[in-house]
Amino acid sequence: MSFGPHLFLAVLEGTVTAFVLALTALGLSLVFGVMRIVNVAHGEFFMLGAVLAWYCSTLISGSPLLGFALALVVAPLLVGALALLTDWSVLKRVDYNPESTIVATIGLLYIVQQLVLTVFGPEARPVAAPVYFRVSFPWFGYSGYKLIVAGLSASLLLATWYALSRTRLGLYMRATQQDYEIAQAFGVPVRNVYATVFALGAMLAAVAGVLIVPVQQAHYLMGLDPLLLSFIVVIIGGLGSLKGTVVAAFVIGLSDGIVSVFFSPTLAKILATLLVAAVLVVRPGGLFGDNRA
Amino acid sequence: MTALLATDGLSKRFGGLLAVDGVCFEVPAGQIRAVIGPNGAGKTTLMGLISGRLTPSAGHILFNGRDVTRQRAWDRARSGIVYTFQVTSVFPELSCYENVALAAQRQLTRGMFGQLILDEKRLGGRVREALRQVGLVDVETQVASALPYGHQRLLEVAMSLALEPRLLILDEPTQGLANAEIDTLCAHVREIAARITVVIIEHNMPVVLDLADWITVMERGAVLAEGPPAQIAGDPDVQRAYLGT
Amino acid sequence: MSAGRLRRILVLHLAIVGALFAVQFFLPDYHHTNVARILVLATFAIGYNLLFGYTGLMSLGHAMFFAAGMYACGLCIYYFNVGAPGGFALGVVAGGTLAAVFGLVALRTSGVSFLIVTMMFGQACYLTLLYFNEITLGDQGFTLSSNLDALHRAGAGLAYSDPDVKYNAAWLVFTGAFLVSALIAASPIGRVLIAVRGNEERTRLLGYNTFAYKWLALCLSGAIAGAAGAAYAVLFSYVGASFASILYSIYPLLWTLLGGAGTTLGPLLGTGIMFYLIDITSGWTNAYLFVVGGSLLALVLWFPQGVMGAVRARWARWLP
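To start, this report covers the structure provided alongside it. (Residues numbered from 1 in each chain as written. Chains lettered and ligands numbered in written order. Predicted model: local features only at pLDDT ≥ 70, side-chain atom pairs only at ≥ 80, totals over all residues.)

1. Notes on the overall build of chain C
For step 1, the next point in the chain: Within chain C, the regular secondary structure consists of 15 helices and two strands.
For step 2, the next point in the chain: Radius of gyration (C-alpha) of chain C: 19 Å, near the 20 Å computed for a compact globule of 320 residues.
For step 3, the next point in the chain: Here chain C holds 320 residues, and 60% of them are scored as buried.
For step 4, the next point in the chain: At a minimum sequence separation of 6, the contacts of chain C that also span at least 24 residues come to 78%. (Helix = DSSP H or I, 4+ residues; strand = E, 2+ residues; numbered from the N terminus. Rg over C-alpha atoms; globule rule 2.2 N^0.38 Å. Buried ≥ 20, exposed ≤ 12 C-beta atoms within 10 Å, placed from the backbone. Contact = placed C-beta atoms within 7 Å.)

In structure tokens form, the structure reads like this:
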């Protein structure tokens, strides 16, 4: 394959990565933006989505499409419930203190990961794509499912955008993000908003996990990469900003796709990390635009 | 007499808000200067600029004839501009002794590693001297968070004294204090002012009129009036803007 | 600080160091090796504690300093036969230098941002080790025994595989780090670090260039972590990229929290307890990291002070 088609393939791969990444990172970004906490277990919610998708696919073994549809409903619900449980039993108890929350979510990371290791096992398990067709370009054929992933992610991003800008929940979230105390004074149920946002962020990650599993296989350690990439996206995109998250996801997704295809995925990740360093040097006020600890 | 502190066209902009607007503020050595004005007049912001907590958007600050506009906060503290916070900010988990020692050891040592050869006896002397000046010697081993609020404010003053200031800025020192505590504090301030130039931001007018040699009134980021207490108290503009009559 | 308190601190720390030296004559073989390993890992935790416990800067990338020491030492022994002492010295320098350079960038951020930056850089270092696999032999790891044994046979020093040498070398490295950390904690510098942890802006207005103090703490922390990494490479004769992974950034956090952040004795205690907890658990199940997760969660929820933090609050306020 010559350079042109090669680049086209890389861009295509990058675009798919970018959409899934945007979805995952948006969850992290919302949680940070509204609650001012960092959820280190975010990648595990992603992994749980993928693992649950595998269970759904074995439950309905006849039709991959049905299994996939079931996973799209079940995985976010279960993961959302786990997030609510975490919020209620841990985060609320440490009063959303940023450092305690980080330590607690690291703890959660290992608990979830090791539970999955015990129950699901250490091997990577494939899940059949719900639909199988190839889109043929003049130079190569491309998995149609990947394009569907991009499409579904895009519509979910739009739905999130709608929820943020047009609904009461969105208004509450923006109010809480602006000023927690004033929001509370105006009757915003801040604690409920926190719980909802935390669950919503987890659900976004879970959906991303469901979408990616036919491409990537389910494995108990698969959560780390999306977590780190999401951090990079959130740092570059700015806190709680949907537009920033999507733009940054594209920058990272595309460059990751291109560097991965032409050089190596490891190099792509090293470069992304160094990009973060560059952002920091230029904007020492902090990744998220302010210095609040 | 040349001024110990002089600002020239000092401004600070926060986004669209001009919190301090071209202020020229001069304090001669040896004075007790009160700065008054309604909430949001820019008093604390002005003091933030002078102490180096904030960087000015425009203008200059001269201290003892030297331009310190570009000097960092820690260097200014070293050269004698000392600020005590409006909200008490002693180190709650440290003892009174340790709190004051933090301030005192800075004046006794040069550079970071000089602290490894610090003479603890000399330090102890300085610390107790500062605590004595505010009447807290008896509680030096107590943890700061265990002190009553009035004592925490005094501890704050002791920390400032241990820095051996030439200009001591007190930001609303009487806030939250009971009357008896206010009297104690005023007595301490008067004693301190015998050696040190004091700038005091204060809402409590009796305290201001009692302590100040000279009063600056601020409103909306600018200086509205300046003069001796008797004149300011009688100024109709000031009464309208601040005294709320 | 009163002279009496200083004397008590000195006596206590020397007594602990002495006791650790003495127990080697009583420990059964299995625990003898374990304690040597704990001493090296506790050195890592001591470095971490200087930054996190005293200065209040939580890092999630400390594995990079440990790995820097380990690889600087290991690779130089492997390729250039510099010998164990030379390798160790290089390891300390590597850890400290990496921390110094990293600090200039990372300390421009604070709070949660600092945490994420450390995590990202830690991961970048890990990936870099894997990327240059041909040089670092990262994913397989390598052993140093042949190089060090060759030196030994050539009469250039001691056999590091000998249990007694191992224990005493580990004890020496630990003792150095332990006493340095106690000295810092009890000195006026420690007082400033604690002040930075409490309220950085207030500290700045007391006349301290807080950036310089944070940077100092980071450099020391990195150098001590590098020393631990180098000692690990020599004494346990294995160098591998897994020591740069995020788990090895979380371990020192856990050890420090468990033993008591901001106490000189905490790191040793936390490392020891956790080492044996994991040792026992991994006998039952391969999901032994469950213990790590569970402990972190439990510490945050019910025991944020850690063991020595609680001891200090209740019985011995004079402890540094």
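Moving on from the model shown.
2. Looking at the overall build of chain A
For step 1, the next point in the chain: Helix and strand counts for chain A stand at eleven helices and two strands.
For step 2, the next point in the chain: Overall, chain A shows an N-to-C arrangement of helices and strands of α-α-α-α-β-β-α-α-α-α-α-α-α.
For step 3, the next point in the chain: In terms of C-alpha radius of gyration, chain A reaches 19 Å, essentially the compact-globule figure of 19 Å for 293 residues.
For step 4, the next point in the chain: Each principal axis of the C-alpha distribution contributes one length, and for chain A these read about 60 × 45 × 35 Å.
For step 5, the next point in the chain: The 293 residues of chain A split such that 47% are buried.

3. Thoughts on the interface of chain B and chain C
For step 1, the next point in the chain: Facing 23 residues of chain B, the contacting portion of chain C comprises 21 residues.
For step 2, the next point in the chain: For the side of chain B that touches chain C, the secondary-structure elements that each account for two or more residues are helix 2 (73–79) and helix 3 (96–108) of chain B.
For step 3, the next point in the chain: Considering each element in turn, the side of chain B that touches chain C owes the most residues, six residues, to helix 3 of chain B.
For step 4, the next point in the chain: When grouped by side-chain class, the residues that make up the side of chain B that touches chain C number 13 nonpolar, four polar and six charged. (Nonpolar A, V, L, I, M, F, W, Y, C, P; charged D, E, K, R; others polar.)

4. Brief notes about the sheet that holds strand 1 (residues 3–14) of chain B
All names here are of chain B.
For step 1, the next point in the chain: Read from one edge to the other, the open sheet built from four strands follows the order 2-1-4-5, with strand pairing classed as antiparallel. At either margin of the open sheet sits one strand with a lone partner, and together these are strand 2 (17–28) and strand 5 (66–67).
For step 2, the next point in the chain: Where strand 1 lies against strand 4 (residues 58–63), five bridges are found, and the strand directions are antiparallel. Following the sheet pairing, A6 is matched in strand 4 by L62. (Pairing = 2+ DSSP bridges.)

5. Here we look at the arrangement of the chains
For step 1, the next point in the chain: Between chains A and C lies the most contact-rich interface of the two pairs of chains that touch.
For step 2, the next point in the chain: Spatially, chain A is disjoint from chain B: no contact exists, and the shortest C-alpha separation is 14 Å.

6. Some remarks on unusual backbone geometry
For step 1, the next point in the chain: Backbone geometry places D95(A), a non-glycine residue, at a positive phi of 60 degrees.
For step 2, the next point in the chain: Inspection of the secondary structure puts D95(A) in the loop between helix 3 (64–91) and helix 4 (98–120).
For step 3, the next point in the chain: A positive phi angle, close to 50 degrees, is found at N81(C), a residue other than glycine.
For step 4, the next point in the chain: Among the secondary structure elements, N81(C) is positioned in the loop between helix 3 (63–80) and helix 4 (84–106).

7. Some words on the interface of chain C and chain A
For step 1, the next point in the chain: Facing the 31 residues of chain C at the interface are 40 residues of chain A.
For step 2, the next point in the chain: Residue assignment for the side of chain C that touches chain A shows that the elements contributing at least two residues are helix 5 (111–131), helix 12 (247–259) and helix 14 (289–302) of chain C.
For step 3, the next point in the chain: The element that contributes the greatest number of residues to the side of chain C that touches chain A is helix 5 of chain C, accounting for 14 residues.
For step 4, the next point in the chain: Of the residues that constitute the side of chain C that touches chain A, the class distribution is 22 nonpolar, eight polar and one charged.

8. Things to note about helix 4 of chain A
For step 1, the next point in the chain: Given a rise of 1.5 Å per residue, 23 residues ought to cover 33 Å, and the 32 Å separating the end C-alpha atoms of helix 4 of chain A matches this to within 8%.
For step 2, the next point in the chain: One or two steps after helix 4 of chain A, the chain reaches G121(A), where phi turns positive at roughly 95 degrees. (Expected span 1.5 Å × (residues − 1).)

9. A word on the packing of helix 3 of chain B against helix 9 (residues 188–198) of chain C
A pair of packed helices is captured by two measures, namely the crossing angle of their axes and the spacing between those axes.
For step 1, the next point in the chain: Look at helix 3 of chain B against helix 9 of chain C: their axes get within 10 Å of each other, and the N-to-C directions meet at 110 degrees. For the element pair helix 3 of chain B / helix 9 of chain C, the angle class is roughly perpendicular. The interaxial crossing formed by helix 3 of chain B with helix 9 of chain C has left-handed handedness. The segment helix 3 of chain B lies against helix 9 of chain C, with E98(B), A101(B), L102(B) and Q105(B) engaging P188(C), R191(C), V192(C) and A195(C).
For step 2, the next point in the chain: Class assignment for the residues of the contact of helix 3 of chain B with helix 9 of chain C results in five nonpolar, one polar and two charged. (Axes fitted to C-alpha atoms, helices over the stretch in contact; angles between N-to-C directions. Parallel < 35°, antiparallel > 145°, perpendicular 65-115°, else oblique. Left-handed = near helix turned anticlockwise from the far one by under 90°.)

10. Describing the environment of F8(A)
All names here are of chain A.
For step 1, the next point in the chain: Among the structural elements, F8 can be located in helix 1 (residues 3–35).
For step 2, the next point in the chain: Its 16 C-beta neighbours within 10 Å are what place F8 among the partly exposed residues.
For step 3, the next point in the chain: When the C-alpha atoms of F8 and I258 are compared, they prove to be 9.1 Å apart, with 250 residues separating the residues in sequence.

11. So, the nonpolar core
The nonpolar side chains of a soluble globular protein tend to be buried with one another.
For step 1, the next point in the chain: Residues V100(B), A158(B) and A231(C) are the most contacted members of the largest nonpolar core, which totals 281 residues.
For step 2, the next point in the chain: Counting residues per element, this core draws most heavily on helix 8 (residues 190–216) of chain A, which supplies 17 residues.
For step 3, the next point in the chain: When near neighbours in sequence (up to four residues on either side) are disregarded, A231(C) contacts V40(C), T43(C), F88(C), A169(C), A170(C) and V173(C). (Core = buried A, V, L, I, M, F, W, Y, C linked by C-beta atoms within 7 Å.)

12. So, the sheet that holds strand 3 (residues 32–36) of chain B
Residues and elements named next belong to chain B.
For step 1, the next point in the chain: Taking strand neighbours across the sheet as the criterion, the six strands line up as 6-7-8-3-9-10 in an open arrangement whose pairing is mixed. Every interior strand has two partners, whereas the edge strands, strand 6 (81–84) and strand 10 (222–227), have only one. With direction set aside, neighbouring strand axes in the sheet form an average angle of 20 degrees.
For step 2, the next point in the chain: With four bridges connecting them, strand 3 and strand 8 (residues 197–201) associate as parallel partners. What sits directly across from V35, in strand 8, is I201.

13. Considering helix 4 (residues 120–133) of chain B
Every α-helical turn comprises 3.6 residues, leaving residues that sit three or four positions apart pointing alike.
Residue and element names in this part refer to chain B.
For step 1, the next point in the chain: For helix 4, with 14 residues, the first-to-last C-alpha span of 20 Å sits near the 20 Å given by 1.5 Å per residue.
For step 2, the next point in the chain: Along helix 4, the residues classified as buried are L123, V127, A130 and L131. Mapping the buried residues of helix 4 onto a view down its axis gives an arc of 100 degrees, with all of them on the same face. Away from its buried face, by an angle of more than 90 degrees, helix 4 presents the exposed residues K121 and R122.
For step 3, the next point in the chain: In the segment just after helix 4, G135 is the residue with positive phi, at about 75 degrees. (Arc of directions from axis to C-beta.)

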